[in-house]
Amino acid sequence: MSESKLLEKVVETQRKLATLIGVSGHEDEVRNFIFNKLKENADEVWIDRMGNVLGIKKGTDPKGLRIMIDAHMDEVGLLISYIESNGFLRFTPLGGIDKRLYPGSDIKIQTKFGKTVSGIIGMNPPHITDPKLRDISPEFSDLFIDIGANNKDEVKKMGIIVGSRAVMDGRFEYNPDVGSGFMRGRAFDDRTGCNVALQVSILINEMESIPNTILYSFTVCEEVGARGASAATEGLKPDIAIALENTIAADVPGVPLNKQITRLEHGPAFSVADRGTLYHEKLLEIFKLRAEELGYEWQYKTPAFGGTNAGIFHKMHKGIPSGCISVPSRYIHSPISMIKISDILATIKTLFAILTKPIEI
Ligand SMILES: [Zn+2]
């Protein structure tokens, strides 16, 4: 695939994935899109009972490795927990989100009719709030969603029930003219990883043959504790697992270098250790080597922060050597994130080289 064609596909896929809603447990929109795309580029694709999309591209070498690449389909968001008699909605967060971001936000709620309804996250007006409380960020239990309904019946008619999911409404934008170019939008964690895996599946399918067997895993419910990862591992039984993520870039004013975790426009980020995994060191060496052979800059993800599905993978199926490759992103788990074009392209090409060259660990 030519460089310009790949870029076009990356941007269009990211745009599409960032408009789909897939809060943990309600990944249907994302699942349908990925299932149909992956079907074009794998030998077999199926959906397991957890809702993970799994696929296989068979290798030609009978002694070849089974390598799993995984990205999670779900995103952080809100779950409607109670409908007030006067038509306001109460909610609870799903996944790690910062309560300071929510008051005054424009949100979209998924209805059971397959549409969305807009809402505003409201709180008491400052004029009638105790001055001592004005400087403190409100708890989720102090906030509510206003969809303009007058009572429970009107809410019901809109198709909103307890358990409906909502997301903040962040607009997608692609700007090729700044630096290496950027994309900004909603749910980049981990639609970016999904995009990387889908592009790699196309590149692999374009090859005449591949020695290793490539296993595709698009998982549910990562944001609420990596709950889809074990079923995916059991379904695919890989020899090696690589989690593809969209990780924290903290290269913003006021953050010292040692706390930036990753930085934009410095290439793919390789994990050494996080709260769930001490990553396989020989695999990590191979990641670095492949990036360097291609002339790409790469970076470590500063150890200790966050966790990924690899936290599950490495403990399963007699112990699976696991790695994690991330595209750095500013403002993850907020209404809108930003990634750089050079980082996602370098991640795709590095991963493709990792999968298609021998892995000796
Ligand atoms: Zn993630």
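For the structure, see preceding data.
This text gives an overview of the structure that appears in the document.

The rules behind the values
- Residues numbered from 1 in each chain as written.
- Predicted model: local features only at pLDDT ≥ 70, side-chain atom pairs only at ≥ 80, totals over all residues.
- Heavy atoms only, no water.
- Core = buried A, V, L, I, M, F, W, Y, C linked by side-chain atoms within 4.5 Å.
- Buried < 20%, exposed > 50% of the residue type's maximum accessible area, 1.4 Å probe, protein only.
- Helix = DSSP H or I, 4+ residues; strand = E, 2+ residues; numbered from the N terminus.
- Contact = heavy atoms within 4.5 Å.
- Expected span 1.5 Å × (residues − 1).
- Arc of directions from axis to C-beta.
- Pairing = 2+ DSSP bridges.
- Axes fitted to C-alpha atoms, helices over the stretch in contact; angles between N-to-C directions.
- 1 Å grid on protein atoms, 1.4 Å probe; cavity = no way out; pocket = protein on both sides within 12 Å on 5 of 7 lines; lining within 4 Å.
- Points joined across faces, edges and corners; volume = space filled by probe spheres on them.

By size, the foremost hydrophobic cluster in this structure holds 58 residues, and its most contacted members are I34, F218 and I242. Looking at this core element by element, the count peaks at 8 residues for helix α4 (residues 188-206). Not counting chain neighbours up to four residues away, the residues in contact with I34 comprise L17, V53, M73, C194, L198 and F218. Membership of the second largest hydrophobic core comes to 21 residues, among which are I97, Y102, I107 and I121.

Helix length check: helix α2 (residues 28-39), at 12 residues, gives a terminal C-alpha distance of 16 Å against a target of 16 Å (1.5 Å per residue), a fit within 8%. Of the positions making up α2, those classed as buried are V30, R31, F33, I34 and L38. The buried side chains of α2 occupy one side of the element, clustering within an arc of 165° when seen end-on. Looking at the buried residues of α2, the elements they touch are α1 (3-19), β1 (44-47), β2 (53-57), α4 and β12 (213-219).

Moving on to the sheet that holds strand β11 (residues 182-185). Pairing is antiparallel across the open sheet formed by 3 strands, whose spatial order is β10-β11-β17. Each having just a single partner strand, β10 (173-175) and β17 (337-340) make up the two edges of the open sheet. Ignoring which end each strand starts from, the neighbouring axes of this sheet average 15° apart. The sheet contact formed by β10 and β11 spans 3 bridges and is antiparallel. Each bridged residue has a counterpart across the sheet, and for N175 the counterpart in β11 is F182. Packed on one face of the sheet, α1 meets β10, β11 and β17 and runs near 10° to β11.

Per the stated rule, a full pass over the model turns up 1 cavity of 30 Å³ or more. Looking at the largest cavity, its volume works out to about 140 Å³. Lining the largest cavity are 17 residues, and of these E75, V76, A187, H333 and S334 lie nearest its centre. The set of elements that each furnish at least two residues to the lining of the largest cavity consists of β9 (165-168) and α4. Examining the composition of the lining of the largest cavity, we find that 3 residues originate from one element, β9, more than from any other.

Just geometry here; none of it tells us what the structure is for.
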